[in-house]
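So you can see what is in the structure, the chains are spelled out below.
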Amino acid sequence: MIPATHYLILSVTLFSIGILGVLIRRNILLILLSIELMLNAANLNLIAGSAMHGRLDGQLSAFFVMVVAAAEVTIGLAIAVLLFRQKNSVDTHEIKELKG
Amino acid sequence: MSQALLFYFFAAVAVLSALGVVFHPRPARALLCLVVTMFALAVHFTLLGAYFVAMAHLIVYAGAVLVLFLFVIMLQGAGAREIALHQRFNIIYLLPAGLVSILLAGGLIALIRGSAFQALKSVDGTAENIGTLLFSQYLLPFEWTSLLILLGVFAAIALAKKDAA
Amino acid sequence: MLTIAGLIFAIPILIAALICGFLLKKPHAAARLATAGMFSCFLMALALAPQILDLQHKHALPVETSVIWIGLKGLTIEFGILLDGLSYLMLLVVTGIGTLIFLYSMTYMHGDESYSRFFASLSLFAFSMLGIVFSNNLIQTFIFWELVGLSSYLLIGFWYQKPEASLAGKKAFLTTRVGDVGMMFGILLLWGHLAAQNSGTFNFMALKAHPGLTAIPALSMTLIGLGLFMGAVGKSAQVPLHVWLPDAMEGPTPVSALIHAATMVAAGVFLLARIFFLLELSPTTLHIIAWTGTVTSLLAALIAVVQSDIKKILAYSTLSQLGYMVMAIGRGHVEAGMFHLTTHAFFKALLFLGAGSFIHALHTQSIWDMGAYGQKKFLALFKKMPVTSLTFIAGTLALMGIPPTSGFFSKEEILTAAQSGPQLMFICAATVVFLTAFYMGRLSGAIFLPGTIHTLQHEDPHELHEPHEPDWRMLLPLAVLGVLALIGGFLPIRDLLPEAHGHQDGGSFLLILSLSLAGAGFLLGILLFRNHDESRVSTGFMAVPRILLERKFFFDDAYDWLIQNVQERVASFCDLFEKIVVVEIGANGIARLARGAGSTARKLQTGVVQFYALVFTAGLGLLIYLFVSGRLG
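Conventions adopted
- Residues numbered from 1 in each chain as written.
- Chains lettered and ligands numbered in written order.
- Predicted model: local features only at pLDDT ≥ 70, side-chain atom pairs only at ≥ 80, totals over all residues.
- Heavy atoms only, no water.
- Contact = heavy atoms within 4.5 Å.
- Buried area = accessible area lost by both parts, 1.4 Å probe.
- Salt bridge = Lys/Arg side-chain N within 4 Å of Asp/Glu carboxyl O.
- Polar contact = N/O pair within 3.5 Å; in protein donor to acceptor, adjacent residues only side chain to side chain.
- Helix = DSSP H or I, 4+ residues; strand = E, 2+ residues; numbered from the N terminus.
- Nonpolar A, V, L, I, M, F, W, Y, C, P; charged D, E, K, R; others polar.
- 1 Å grid on protein atoms, 1.4 Å probe; cavity = no way out; pocket = protein on both sides within 12 Å on 5 of 7 lines; lining within 4 Å.
- Points joined across faces, edges and corners; volume = space filled by probe spheres on them.
- Buried < 20%, exposed > 50% of the residue type's maximum accessible area, 1.4 Å probe, protein only.

Enquirer: Honestly, the interface of chain A and chain C in this entry has me stumped. Any pointers?
Expert: Bring the parts together and some accessible area is lost; that lost area is often taken as the interface size. Contact with chain A, which involves 14 residues of that partner, is made by 10 residues of chain C. Taken together, the two surfaces of chain A and chain C that pack against each other cover about 920 Å², and 62% of this comes from carbon and sulfur. The interface formed by chain A and chain C holds 0 salt bridges in total. Inspection of the chain A/chain C interface yields 2 residue pairs in polar contact (both at pLDDT 80 or more).

This is the structure:
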């Protein structure tokens, strides 16, 4: 078998790439995509853990994460659509209402 | 041995396509890169014995979520167009963000390598086993998820309604 | 018995609250309620008499009840009622004279636009005064002490539209406050010394039996006594804090009678009697107290000689008599001081009310203007206002100490006390007897005898108002007080007081001395001033001291100078300090710092969410590094 460490490292790598995407992408849709990537990296972690302990609970957790992600995507996309309709842009640099 | 081969190959595929998601100039293609990542991850899930989760993963992500994304990207009408570098990224954040991500990854990897883990066992995540567990021990959370999705639907409708804006 | 005492205590404050709450627009109901309430208090107090006297004979007094108000470890502050002969006597004086003056005020203040407010303030005063009387500990005394000061302030400045009245109110409040600082100091010093022995207490009875008192060093004991005495100096208007009392006459005359002659100013004397067991421990303190009283009585009597405002004369006379009481207590004759306090309350309230009646009828406060009415006819005023005049003369006789009026008995005791002191003290006290008779003779001569020189200050005011007797509500108190002033000496007042020295007759020497002095003074006063001619006197033998007297020994001028040259400078320095250090560096500096920090920090808020995410991630990374380096060494 592949050692657990390898899966974990793969998961961390994907997670960091996701974070990088969130940090540097300007298109809000692609930021959402990066978040999906991060969620799946976490899922990989859970399933690897499930295999490590020889139990199915981790897999079920991954399943639930998936459900939550699906709900999150619907709302995230709805917000994105709304934003696009109002600002006619999905560029984070155009959306600076929080500027102090 | 073949298992190790599969792992390293699909690990490489996953990482490369993930990088594609982050760096590809065309949003639609970046999305397609994510589909590839999802497939690679599904392979890893299968390797770990999570057969049912892998299938659900493919259906939910590759089949539904990402198609939804595709719709929205195409709706904006700029999905297929190539975006210039300075519009694609926060240029001034590129260096610090890269540094931070690499440091984060490095820290976590150091943490993982410094810790001892048990060897992986083979688990049997078939639809039957998962289903048994889901409808016995995890029944209540499972029902809660249906409520969550229902709320998500409501929220999406409320937000996206034209006159609401 | 204590329940009734509690009821007496509660009624005035309830009435004050009721008037403030519901009766401000119904002045007559307010006046009736307040008077009836005071009267019921007096009746209840009177009903206690047999029980109190019985207990007194059995030596079962004092009785005491209290609730713990603040109970900390090592610091217990009670709120209670203490009844003994002393407080019972004061209770009778406060409620009794209070009732009469409430009744008197119903007519005197009639038609005033703030009629209700007047009665509410009077009730508040009665409540505060009862608080002092009933108090069983020093802290309660102090609290009610301040409340009395407050209600006195409210009543002196009752006609706040008059600038002199509101100034006088302020002056009274601030001057007594100086004394109160000393009182607080004394209380705290006492408690501090006892607390150092792990048995701090404020309770009078506990203090009296406290074994730790003797362990307090002599110097501290003197300071404690003097501190407490300072409170009495302020309230009872002793030199050098006496300056507020004459000015306090700006208030309505019933107030002058009740507060500034009969009860409140007597609170200082009462306090001295109450804490005499503390004062006794330091002979130095007693010595200072006795001399303060002597000097006050002499100075005030001298000043009274040259005043021409009837209320001012009576005010200085009050000062002088208070000086007597303080002197007696300083000499250790507590019972003499308290006895004189009671009789003085009778005749001085009477004199003030009589003066108020004259003022009410003649619309002037100047004795020369009053006398001007009877310019042509002999005893004209006397004929027009017989009751007022007769009672006024009764009060005058009592004040001079002519037997068998009440003043005679108490003054004899005071003189006995003075006789036991140094020679000089006795000479001063005897001089005061003469002076008292002299200024009262001058006053009577000016008012009742026809004059030759017309000294009216304004156009004949009495042509418009033919003087006449006021209605029964003013006359009844005069009559009652007149009777009390005459026969008060035969009342069983001394039974209530501790027999510290045993009642001794002054002896014929004292009797003859005081009688001849009083008679000589009175006759001289009448003779010198019968023609209302002051110029003869002022150019004559009294020309030089006259300036001194009219400037009231320069006390007010000295205080003005002090305030201008010392206090103003300290104040302007404090002001400067406050402006530069507290406001600029302190308050504004902190505000500027916060504002500067804010405007710098808000630049961090770029509004780009990803920047926040970057900072967040960097923080997370840092945490992980700390964790890893900690975990892996």
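Enquirer: Help me understand the side chain of Asp 180 of chain C, please; the structure alone is not making it clear to me.
Expert: Structurally, Asp 180 of chain C is set in helix H7 (residues 163-196). Those residues in contact with Asp 180 of chain C that lie beyond four places of it in its chain are Phe 142, Trp 145, Glu 146, Gly 231 and Lys 235 of chain C.

Enquirer: Is there a simple way to think about the interface of chain A and chain B in this case?
Expert: The interface is formed by 67 residues belonging to chain A together with 82 residues belonging to chain B. Regarding the contact of chain A and chain B, the summed buried area is about 7,000 Å², with carbon and sulfur atoms giving 78% of it. Three residues stand out in chain A for area buried against chain B, namely Ile 24, Arg 25 and Leu 33 of chain A, and they jointly supply 10% of the buried area on that side. Here chain A is connected to chain B by 0 salt bridges. Connecting chain A to chain B are 8 residue pairs in polar contact (both at pLDDT 80 or more). Here the side of chain A that touches chain B takes 22 residues from helix H3 (residues 57-87) of chain A, the largest share from any one element. Here the residues of the side of chain A that touches chain B are counted per class, giving 45 nonpolar, 16 polar and 6 charged.

Enquirer: What am I meant to see in empty space enclosed by the protein here?
Expert: A probe as big as a water molecule, rolled over the atoms, marks out the empty space that is left. Residues and elements named next belong to chain C. Overall, the coordinates contain 2 cavities of 30 Å³ or more when judged by the stated rule. A volume near 40 Å³ is recorded for the largest cavity. Residue lining of the largest cavity: Gly 149, Ser 152, Tyr 153, Gly 169, Ala 172, Phe 173, Thr 176, Lys 235, Trp 244 and Met 264, and that is the complete set. Residue assignment for the lining of the largest cavity shows that the elements contributing at least two residues are helix H6 (138-156) and H7. With 4 residues, H7 is the single largest residue contributor to the lining of the largest cavity. Across the lining of the largest cavity, the residue classes break down as 5 nonpolar, 4 polar and 1 charged.

Enquirer: Could you clarify how one ought to interpret the environment of Ala 361 of chain C in this entry?
Expert: Residue and element names in this part refer to chain C. Turning to its location among the elements, Ala 361 is positioned in helix H16 (residues 334-362). On the basis of relative accessible area, Ala 361 is assigned to the buried category, the value being 9%. For Ala 361 and His 468, which are 107 residues apart along the polypeptide, the C-alpha to C-alpha distance reads 6.2 Å.

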